[in-house]
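# Analysis of the macromolecular model
So you can see what is in the structure, the chains are spelled out below.
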Amino acid sequence: MAALGGRGRAAAERLLRRGPPPGLGPGPRRYRYKEKWAATASRIPPTRLALHHFDMNYSLQLKELWPSVRAGLLCEQKYGALLNNFCPLDHITQELELLNATDFVSEACKKAQRSQGSAAAEETGRGEESRSQEGFGEGRTVMQAETMTEAKMSPPRHASISSNIKCYTFPRGDITRFRPARPDILGLLNYYLMDAASLLPVLALNVQPDDFVLDLCAAPGGKTLALLQTGACGHLAANDISICRTKRLRQILYNYIPTEIREVVSVTSYDGRDWEQLGGGTFHKVLVDVPCTTDRHSVMEEDNNIFHKRRTKERQMLPMLQLQLLMAGILATKPGGKVVYSTCSLSPLQNEHVIERAVEIAETQFNISVHVEDLSHFRTLFQDTFSFFSDCRLGELVLPHLTANFGPMYFCKLCRV
């Protein structure tokens, strides 16, 4: 550089500042900020994967109903306020009724009583009419056959409803939100906000006084709390495999249930599939609210989404897990006891197919006879609050709908003979 003249040195400096001609110098030094291509490549969010999966499957299952159900899943969920019977309720019921909320359980009980009364009156009238036709044997036989058919088609509509459970909801089309619950003078919260359809499995279980009850997959605790509101549990075993979720369950019990009532509850963190080894054949009633695809959560939330690619195997194994849990519930039940199976999924693979397989396995491998109970009267009793799927082969299915955006909630009742 020193040997160059002034003009040559200036030219050389300009050349060095510009860098080498294209194609002659070293390439870009990528290794300094090497990117992890697998981590930065565009991903499909699990919510979109879930919606695509549901579009492919539920459109075939629900047909023309799917567009409205899909819209409901993608909109804000509607809630009910489960009243805490261990708090003074007069003030809170007045406040909720002023907001135009109604107790959908008590309304269903009133409807059941009216229906039962009118059916009894009609049957009495038919009996009198048939007696007046003593001389006409054929007419009497036809009338008796019609009465028997009517009785078979109209199951007792009051037997499965606990009037002790009180849950307020806003009317169809009303999207008013409930305010947060407040503590009473003892520090207990006055109501618990939950999907009101989640109460239907508890109502179907129909807990009777002094029943020993097992909630096999109890966390986060809404259904456990509802079971305690019946005031009928002689003992309640609340189990969930997740220790962190049972901590939340204990907190809910602490926030809502007095100490002396909590003494009838035992909270455990066992694998529910092994419950038969821990306490087989000991419970009058068993609730099996299994892990599922949680359809609404799957299309709305990225966190803890089972449609995440790393959870593909877990999702595929869900029906097997659900079957194992249901079998454990059946084996934990006394002869004559009842089991209610429930999910928050629309999938037949997680609903009816699990029921069918469990009934078959109970018969062939354990020599236990299990029959599915008819819950179709729930459709009549609760049709003002929920939208039901009329073509469900076994059990009942609540469909999300924009005017009544509860669910999805599937529930089916089994009796161990």
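Residues numbered from 1 in each chain as written. Predicted model: local features only at pLDDT ≥ 70, side-chain atom pairs only at ≥ 80, totals over all residues. Heavy atoms only, no water.

Glancing now at the overall build of the protein chain. Across its full length, the protein chain holds 17 helices and 13 strands. Out of the 417 residues in the protein chain, the part that is buried amounts to 45%. For the protein chain, contacts bridging at least 24 residues in sequence account for 76% of all contacts bridging at least 6. By element, 55% of the accessible surface of the protein chain is carried by carbon and sulfur atoms, the whole surface being about 22300 Å². (Helix = DSSP H or I, 4+ residues; strand = E, 2+ residues; numbered from the N terminus. Buried < 20%, exposed > 50% of the residue type's maximum accessible area, 1.4 Å probe, protein only. Contact = heavy atoms within 4.5 Å. Areas by Shrake-Rupley, 256 points an atom, 1.4 Å probe, with all protein chains shown as cover.)

Here the focus is the side chain of Ser298. Along the chain, Ser298 turns up in helix H13 (residues 295-300). Every residue in contact with Ser298, bar those within four places of it in the chain, is listed here: Pro46, Thr47, Ala50, Phe54, Thr293, Asn305, Ile306 and Phe307.

For the rest of this paragraph, the subject is the nonpolar core. Membership of the largest hydrophobic core comes to 51 residues, with the highest contact counts inside it found for Leu200, Leu227, Phe378, Phe382, Phe386 and Phe411. If one sorts the elements of this core by residue count, helix H8 (residues 199-205) sits on top with six residues. Formed by 46 residues, the second largest nonpolar core is a distinct cluster that contains Leu51, Phe54, Leu73 and Phe389. (Core = buried A, V, L, I, M, F, W, Y, C linked by side-chain atoms within 4.5 Å.)

This part takes up the sheet that holds strand E4 (residues 191-194). Within the open sheet, the four strands sit side by side as E2-E3-E1-E4. Their pairing is antiparallel. Edge positions in the sheet fall to strand E2 (102-103) and E4, since each of these pairs with one other strand and no more. Packed on one face of the sheet, helix H5 (residues 90-98) meets strand E1 (80-83), strand E3 (167-169) and E4 and runs near 20 degrees to E3. Packed on one face of the sheet, helix H9 (residues 222-229) meets E1 and E4 and runs near 45 degrees to E1. (Pairing = 2+ DSSP bridges. Axes fitted to C-alpha atoms, helices over the stretch in contact; angles between N-to-C directions.)

Turning our attention to the packing of H9 against helix H10 (residues 243-256). The contact between H9 and H10 brings their axes to 10 Å, and the two run at 35 degrees. As for how H9 packs across H10, the hand of that crossing is right-handed. The segment H9 lies against H10, with Thr224, Leu225 and Leu228 engaging Leu249, Ile252, Leu253 and Tyr256. Among the residues forming the contact of H9 with H10, the class breakdown is six nonpolar, one polar and no charged. (Left-handed = near helix turned anticlockwise from the far one by under 90°. Nonpolar A, V, L, I, M, F, W, Y, C, P; charged D, E, K, R; others polar.)

Cis geometry marks the peptide bond from Ala219 to Pro220; its omega dihedral reads 5 degrees. For Pro220, the location among the structural elements is in the loop between strand E5 (211-215) and H9. Even without being a glycine, Asn367 presents a positive backbone phi close to 55 degrees. Inspection of the secondary structure assignment puts Asn367 in the loop between helix H16 (352-366) and strand E10 (370-372).

The next subject is the pairing of strand E13 (residues 409-416). Residues in a regular strand point their side chains to alternate faces of the sheet. Taking burial as the measure, the eight residues of E13 include eight buried ones, the bulk of the element. Alternating positions in E13 separate into two faces, Met409, Phe411, Lys413 and Cys415 on one and Tyr410, Cys412, Leu414 and Arg416 on the other, with burial throughout. Bridge count for E10 against E13 is three bridges, and the pairing is antiparallel. Pairing of Val370 across the sheet is with Arg416, part of E13. Looking at chain direction, strand E12 (residues 396-399) and E13 are connected through three bridges and run antiparallel. In the strand pairing of E13, Leu397 is matched with Tyr410.

Bringing the packing of aromatic side chains into the picture now. Scanning all chains against the criterion turns up 16 aromatic pairs. Ring geometry for Phe378 versus Phe382: centroids 5.4 Å apart, planes at 50 degrees, classification tilted. Placement of the pair is Phe378 and Phe382 together in helix H17 (residues 377-382), with a separation of four residues, close to one helical turn. Side by side, Phe378 and Phe382 carry an identical accessibility label, which is buried. Taken together through their ring pairs, the aromatic side chains of Phe104, Phe378, Phe382, Phe386, Phe388, Phe406 and Phe411 make up a single cluster. (Phe/Tyr/Trp six-rings, centres within 6.5 Å; stacked < 30°, edge-to-face > 60°.)

It is worth spelling out the pattern of salt bridges at this point. The full count for this structure, using the stated rule, is 16 salt bridges. Asp289 is the salt-bridge partner of Lys223, the closest N and O atoms lying 3.2 Å from each other. Highlighted residues: Lys223 in helix H9 and Asp289 in strand E8 (residues 283-289), separated in sequence by 66 residues. Taken individually, Lys223 and Asp289 each receive the classification buried, so the pair is uniform in this respect. Residues Glu396 and Arg379 are paired through a salt bridge, measuring 2.8 Å at the closest nitrogen-oxygen approach. (Salt bridge = Lys/Arg side-chain N within 4 Å of Asp/Glu carboxyl O.)

Here the focus is H10. Relative to the 20 Å expected for 14 residues at 1.5 Å per residue, H10 spans 20 Å between its end C-alpha atoms, a close match to the ideal helical length. For H10, every residue scored as buried is listed here: Thr246, Leu249, Ile252, Leu253 and Tyr256. All buried residues of H10 fall inside an arc of 110 degrees around its axis, so they share one side. Residues Ile243, Cys244, Lys247, Arg248 and Tyr254 are exposed on H10 and point more than 90 degrees away from its buried face. Buried residues in H10 make contact with E4, H9, strand E6 (233-239), helix H11 (259-262) and strand E7 (265-268). (Expected span 1.5 Å × (residues − 1). Arc of directions from axis to C-beta.)

Closest axis-to-axis distance for the helix H3 (residues 46-62)/helix H4 (residues 66-73) pair is 9 Å, and the angle between their directions is 145 degrees. Relative to H4, H3 is oriented so that their crossing is right-handed. Residue-level contacts link Leu51, Phe54, Asp55, Tyr58, Ser59 and Leu62 of H3 to Trp66, Val69 and Arg70 of H4. In terms of residue class, the contact of H3 with H4 is made up of six nonpolar, one polar and two charged.

Shape descriptors only; they carry no functional weight alone.
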